[in-house]
Amino acid sequence: MAYETLIVEIEDEVALIRLNRPEALNALNSKLLGELAEALTAADANDAVRCIVLTGSEKAFAAGADIKEMSEKGFVDMFGEDFFTPETEAMLRVRKPIIAAVAGYALGGGCELAMICDFIICADNAKFGQPEINLGVVAGIGGTQRLTRFVGKSKSMDMHLTGRFMDAAEAERSGLVSRVVPVAKLVPEALSAARKIAEKSALTVKVVKECVNRSYETTLREGLLFERRVFHALFATEDQKEGMTAFLEKRQPQFRDR
Ligand code: CO8
């Protein structure tokens with residue numbers, strides 16, 4: 001499938017999706033977000049893909065929602081179109097893991113897009129920010145909610161109210177990203193993490209993703225119960241038998257995703 005604003009490559013059971021609007025620092029317009037939702041949904045449905053990496057360029061993961069596209073819209077347009085809701089909802093329905101590999105700017109909707117992914121690996125030149133306040137608006141695809149959960153209220157308020165950027169070291173210190181690597185190693189590092197995930201049972205991987213996401217969406221008590229019940233349920237799978245038998249036999253497991 002050819003896209004106008006994305007480059008998609010599938011290799012070794014990993015789909016690498018690259019945002020590709022260099023002329024606008026990968027600003028997220030309707031075309032790009034529509035294609036991205038489509039590409040992610042297709043990768044999720046593709047049996048040849050076990051993990052997804054989403055990246056941009058060395059200069060920008062994405063510099064936010066496309067200001068040119070939004071600037072002329074009024075409330076009736078935004079509300080009527082339910083601007084960006086179908087696309088982001090489609091992304092949240094993806095059951096395979098998505099790793100964001102962020103270099104350069106991840107601002108506004110770009111930072112929010114990275115946070116929609118399951119975890120973020122960033123380059124040492126990454127800059128995260130929620131500068132919507134400078135445009136007279138607020139984050140609209142989860143920034144005030146997700147950033148607050150990732151880095152805490154104080155830092156999130158600081159970022160949203162001042163519009164300042166956070167560098168890679170601060171992002172790692174604050175728990176926004178899981179790893180920082182030199183920019184040239186970003187995509188190889190993310191692909192290597194994705195391949196590591198691709199070696200696991202695809203069934204267990206989906207269960208883990210659901211469990212961790214649950215911790216953001218419910219109370220601790222409900223989350224603990226959910227985790228315990230799916231832990232119990234996994235004892236009905238062949239991959240649990242294989243994983244534990246392989247450990248006891250001191251060999252690598254051969255998972256069959258069932
Ligand atoms: N939208 C449209 N075009 C953009 C954007 C953007 N967000 N960011 C950069 N560009 C374009 C520039 O206009 C420029 O184009 P041109 O060459 O045609 O003038 C080109 O990309 C290169 O940009 P710069 O010349 O500005 O590059 P610099 O290296 O000087 O600066 C910055 C890079 C700091 C990233 C700067 O471009 C910038 O500040 N960009 C805007 C960042 C921003 O404010 N992002 C937030 C946008 S609002 C948002 O994301 C809300 C999301 C919620 C959506 C709600 C849905 C419900």
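Predicted, not measured: the structure shown is a model, and the values here were computed from it.

Looking at the packing of helix α10 (residues 202–217) against helix α11 (residues 220–233)
One way to put it is that α10 packs onto α11 with a least axis distance of 9 Å and a crossing angle of 165°. The angle between the axes of α10 and α11 places the two elements in the roughly antiparallel class. Where α10 crosses over α11, the handedness of that crossing is left-handed. Here V207, E210, C211 and R214 of α10 come into contact with α11, specifically with G223, F226, E227 and V230. Residue composition of the contact of α10 with α11, grouped by class: four nonpolar, one polar and three charged.

Examining the site of the ligand
Around the ligand sit 23 residues in total, of which K59, A63, A65, I67 and G109 are the nearest. A distance of 2.7 Å separates an oxygen atom of the ligand from a polar backbone atom of A65. For the ligand, the protein covers 65% of the area, taking 1100 Å² as the surface of the free molecule. Breaking the shell around the ligand down by element, the ones donating at least two residues are α2 (67–71), β6 (105–107) and α5 (109–116).

Quick notes on the sheet that holds strand β4 (residues 60–62)
Taken together, the four strands give an open sheet; going across it, the order is β4-β6-β8-β9, and neighbouring strands pair in mixed fashion. Only two strands of the sheet have a single partner each, and these edge strands are β4 and β9 (165–167). Between one strand axis and the next, the sheet turns by 20° as a mean value, whatever way the strands run. Pairing analysis gives three bridges linking strand β8 (residues 127–129) to β9, with the strands arranged antiparallel. Bridging from a neighbouring strand, K127 pairs with D167 of β9.

Examining the domain arrangement of the chain
Taken domain by domain, the chain consists of domain 1 (6–198) and domain 2 (201–249). Centre-to-centre, using C-alpha coordinates, domain 1 lies 27 Å away from domain 2. Of the residues lining the interface, ten residues belong to domain 1; the matching set on domain 2 comes to eight residues. Run the count over domain 1 and domain 2 and you get two salt bridges. Note that D118 is salt-bridged to K209, the shortest N-O span being 2.8 Å. Run the count over domain 1 and domain 2 and you get five residue pairs in polar contact (both at pLDDT 80 or more). In terms of residue class, the side of domain 1 that touches domain 2 is built from five nonpolar, no polar and five charged.

Let's talk about helix α7 (residues 153–162)
Along an α-helix, a turn takes 3.6 residues, which lines up residues three or four apart on a common side. Within α7, burial applies to S156, M159 and H160. One side of α7 carries all its buried residues, which in axial view fall inside an arc of 90°. Residues S154 and L161 are exposed on α7 and point more than 90 degrees away from its buried face. One or two residues past the end of α7 sits G163, with phi positive at roughly 75°.

Description of the environment of S178
Within the secondary structure layout, S178 lies in the loop between α8 (168–173) and β10 (179–181). For the pair formed by S178 and A27, sequence separation is 151 residues and the distance between their alpha carbons is 24 Å. The residues contacting S178, other than those within four sequence positions of it, are F119, I120, I121 and E172.

The rules behind these values
- Residues numbered from 1 in each chain as written.
- Predicted model: local features only at pLDDT ≥ 70, side-chain atom pairs only at ≥ 80, totals over all residues.
- Heavy atoms only, no water.
- Axes fitted to C-alpha atoms, helices over the stretch in contact; angles between N-to-C directions.
- Helix = DSSP H or I, 4+ residues; strand = E, 2+ residues; numbered from the N terminus.
- Parallel < 35°, antiparallel > 145°, perpendicular 65-115°, else oblique.
- Left-handed = near helix turned anticlockwise from the far one by under 90°.
- Contact = heavy atoms within 4.5 Å.
- Nonpolar A, V, L, I, M, F, W, Y, C, P; charged D, E, K, R; others polar.
- Near = heavy atom within 4 Å.
- Polar contact = N/O pair within 3.5 Å; in protein donor to acceptor, adjacent residues only side chain to side chain.
- Areas by Shrake-Rupley, 256 points an atom, 1.4 Å probe, with all protein chains shown as cover.
- Pairing = 2+ DSSP bridges.
- Domains from an automatic or database assignment.
- Salt bridge = Lys/Arg side-chain N within 4 Å of Asp/Glu carboxyl O.
- Buried < 20%, exposed > 50% of the residue type's maximum accessible area, 1.4 Å probe, protein only.
- Arc of directions from axis to C-beta.

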